[in-house]
Amino acid sequence: MENYYTKQYYTGKSAAHRRAVYKGMGFTDEDLSRPLVAVVNTFSEVCPGHMHLNHLVRSVKDGIWQAGATPMEFSTISQCATQVLGLDGIRYDLPARELIGLDIETIVCTQLFDGLVVVTTCDKTIPGVFLAAARLDMPTVIVPGGIMDTGKVNGCEMSLADLDEKVFSGKAAGMSQEEIDVWENAVVPGCGACPIMGTANTMQCLSEVLGVSLPGSATQVAGTGQQWRLAKQAGYAIVRLIGANTKFSDIVTPEAMKNMITAGMSFGAASNSVLHMLALSHEMGYEKTINLDTIAEISGRIPCIVDVKPVGKYFLTDLQNAGGIPAVMNAIQDKLDLNCIGISGKTTGEIAAMGGKPANVSNVPVVRDKNDPVMPQGGIVVLRGNLAGSAVVRMFKHSKNQFVGKARVFDTQQSAMEAVAQGNVKKGDVLVLRFMGPQGGPGMPDCFGVAGAVVGAGLEEDVAVITDGRFSGFAKGVGVCQINPEAAVGGPLARVHNGDEIVIDTQAGLIKNNAPDFDSRKPVEPKKHKEKGILNIYARIAGQADTGARL
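Residues numbered from 1 in each chain as written. Predicted model: local features only at pLDDT ≥ 70, side-chain atom pairs only at ≥ 80, totals over all residues. Heavy atoms only, no water.

**Section: the overall build of the protein**
- Broken down by element type, the protein carries 19 helices and 14 strands.
- Taken over C-alpha atoms, the radius of gyration comes to 23 Å for the protein, in line with the 24 Å a tight globule of 551 residues would show.
- Along the first, second and third principal axes, the C-alpha set of the protein runs to 75 × 55 × 50 Å.
- Split into buried and exposed, the 551 residues of the protein put 60% on the buried side.
- Of all intrachain contacts in the protein linking residues separated by at least 6 positions in sequence, the fraction that spans at least 24 positions is 77%.
- As displayed, the protein offers around 20500 Å² of accessible surface, 50% of which is attributable to carbon and sulfur atoms. (Helix = DSSP H or I, 4+ residues; strand = E, 2+ residues; numbered from the N terminus. Rg over C-alpha atoms; globule rule 2.2 N^0.38 Å. Buried < 20%, exposed > 50% of the residue type's maximum accessible area, 1.4 Å probe, protein only. Contact = heavy atoms within 4.5 Å. Areas by Shrake-Rupley, 256 points an atom, 1.4 Å probe, with all protein chains shown as cover.)

Written as C-alpha cells, this is what we have:
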C-alpha cells in the first residue's frame, strides 16, 4: 500500500523518536512500514456480553496482519447495568457511552492510526463507538460480540428479562430457594448479548444495517467458529478501507441512517436506540434531516415484521437461524435505499439479495411477511402535548391505543418500586417518575426496575409508567420515556400533582395532563445534590433527550 495517513510520520530520520517508542515494545521496521490499525478491545470480566472478546480480538488482529497492516490493541470500558437497576449506580449507565466515545477519540488522536476496529457488544459501548467514529471520521469497522444462547428453565427457553420481572415485582420472595437456584443458574448460560431485542442486540443489528459491521455478524451466537471467521474477515476489511481511504462518513450517509431507522422499526427496536441514533445524527451534522420527526415518520409507515421478544415471541437465536439481518433486509428491501455501500463493499441491495437464501433454513416464522406483520407500524411512537415537547413509546402488538389514568408522582425509583411491591399501585394508576432526565438524574437513568416491577405484578396493561428517564430494551408494558424537556429544567413533569388525569394516546401522538390549572402551576424544584465526576458534568451540560442526551 503506497499512500496512507501515518506513512509520513513513521518514515525518515525525523520519525526516529516515534519508531523508537514502538520498537521498545517489540515492533520491527517491517511492522512500522505498514498502515497502523487501532484495535479497541472492550473485554471485561464484569459483563457477559464482553467476557469472550479476547478471542475475537485475536482473530481480528490475525486478519489485519494477513492483509498487510499492523494492529495495535488498546482497551476501553464496558459494563452491565443489570447490577444497579433500581439503584443509585444506574445513573452512570448512559454516561458510560460518553466516556467510551471520549476514550477512543483521545487514544486514537494521540497515537496516530490509519484505521479503527472496535470489538464490542452491549448497550452503551456500540453507541459510544458511534460517537467516537463520527468525530474521528477515519476507516472504521465494528465487530459485534454476538448474541447469548437462550437459557432453559423447566424445559422452556428463558432469558434474564424473565427473572428480572420476578425480582422487581417482589415475586421472587415467594419462590423457594430451589426454584431461585434453577432460574439464576440457567437464564444467563454464557457470553454475548441477552437473546432478546433489548438495547444491546438492537444496536448490534443497527450497526450491521448501517454498514459498519460485516453482513451476518450481528446475530452470530457468541463463541462460534463462524463468529471468529467473520472477525478475521473484519481484519481484512479494515485494510481494504484504508487502501481506498473510505472514511466513516462515506459509509454513514444520511441515506444509510434512514436505512438503519427503517430496519430498526421493522424489528421492533428498543427505545434507547432513539437516543443513540439522535446522538449519532448530531455528531454527523445530519440533525436537520435525521431527527425525531424522521424516526416518527418512518415508524408510522414501516410494519414491524420481526417476531422476537420482547415485542414478539421468539428469541434472537431464532432470527439467526432464519438468516439474521440480511433476511430482514430482504423482506423490507422495497423500503430501503439499495445503493448504500457498507464496509463489505457490497450494496444494501446485494446484501438484501443474500438474505433471500439464508444459510440456515428455519421453519420458525420469526421474519414475517409484510402483509402479516407483528404490528402494522414500527415499534416507536413519538408523543407530544402539554406533558412533553416530545416523548417516546415502544409499542407492543397488544398495546392499547389509549390509556387514561390518575397520576402517582415519584421522585425516586426506589419509592415507586416499593409502592408496587407493597401492593399500593392499582389498576388505572399512572406512575410519574420525574427528575430522571439527563441533568436531573443526572445521567438519565434506566427506569426498568419500575417497569419490570409493574409487569411482574401482573399490571402490564393496567398501569402506565411515564418518565423523563429511559427504559431498558427489556422493558414491557405501557411506558412513556425520554420526556423532553425534563423536570429538572422546569419541564412539565415538574408540574404534575397526585391525582391529575393523564391521557396517553399513541394513535393521536398525544400525552396530556387534563388538570384545568396545569399550565399555570409553578414547577416543583429538584432537590439539590452535590455530584462528582461524570455525573457532575452531566448535571451541568447534558443535552435533552430530543438531541440524544449528549454532553
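**Observations regarding the layout of surface pockets**
- Its volume calculated, the largest pocket comes out at about 660 Å³.
- Around the largest pocket, the lining is made up of 26 residues, and of these Phe435, Gly440, Gly441, Lys527 and His529 lie nearest the centre.
- Its residues placed into classes, the lining of the largest pocket shows eleven nonpolar, eight polar and seven charged. (1 Å grid on protein atoms, 1.4 Å probe; cavity = no way out; pocket = protein on both sides within 12 Å on 5 of 7 lines; lining within 4 Å. Points joined across faces, edges and corners; volume = space filled by probe spheres on them. Nonpolar A, V, L, I, M, F, W, Y, C, P; charged D, E, K, R; others polar.)

**What to know about the pattern of salt bridges**
- This structure, assessed with the given rule, holds 24 salt bridges.
- With a closest N to O distance of 2.8 Å, Asp411 and Arg434 form a salt bridge. One end of the pair, Asp411, is in the loop between strand E9 (402-410) and helix H17 (413-421); the other, Arg434, is in the loop between strand E10 (429-433) and helix H18 (448-456), and 23 residues separate them in sequence.
- Look at Arg434 and you get buried, because its relative accessible area is 6%.
- The network of salt bridges with common partners includes Asp93, Asp123, Lys124 and Arg470. (Salt bridge = Lys/Arg side-chain N within 4 Å of Asp/Glu carboxyl O.)

**Some details on a negative patch on the surface**
- Judged by side-chain charge, Glu178, Glu179, Asp181 and Glu184 come together as a negatively charged surface patch.
- Its place among the elements puts Asp181 in helix H7 (residues 177-186).
- When its relative accessible area of 31% is taken as the criterion, Asp181 is described as partly exposed. (Patch = residues over 30% accessible without salt bridge, like charges linked within 9 Å, V, L, I, M, F, W, Y side chains within 5 Å. Lys, Arg positive; Asp, Glu negative; His and termini not counted. Charge placed at Lys NZ, Arg CZ, Asp CG, Glu CD.)

**Here we look at empty space enclosed by the protein**
- This structure, assessed with the given rule, holds six cavities of 30 Å³ or more.
- By volume, the largest cavity is sized at about 310 Å³.
- Lining the largest cavity we find 25 residues, and of these Cys80, Ala81, Thr82, Asp123 and Phe474 sit closest to its centre.
- Per-element tally for the lining of the largest cavity: the top contributor is helix H8 (residues 199-210), with three residues.

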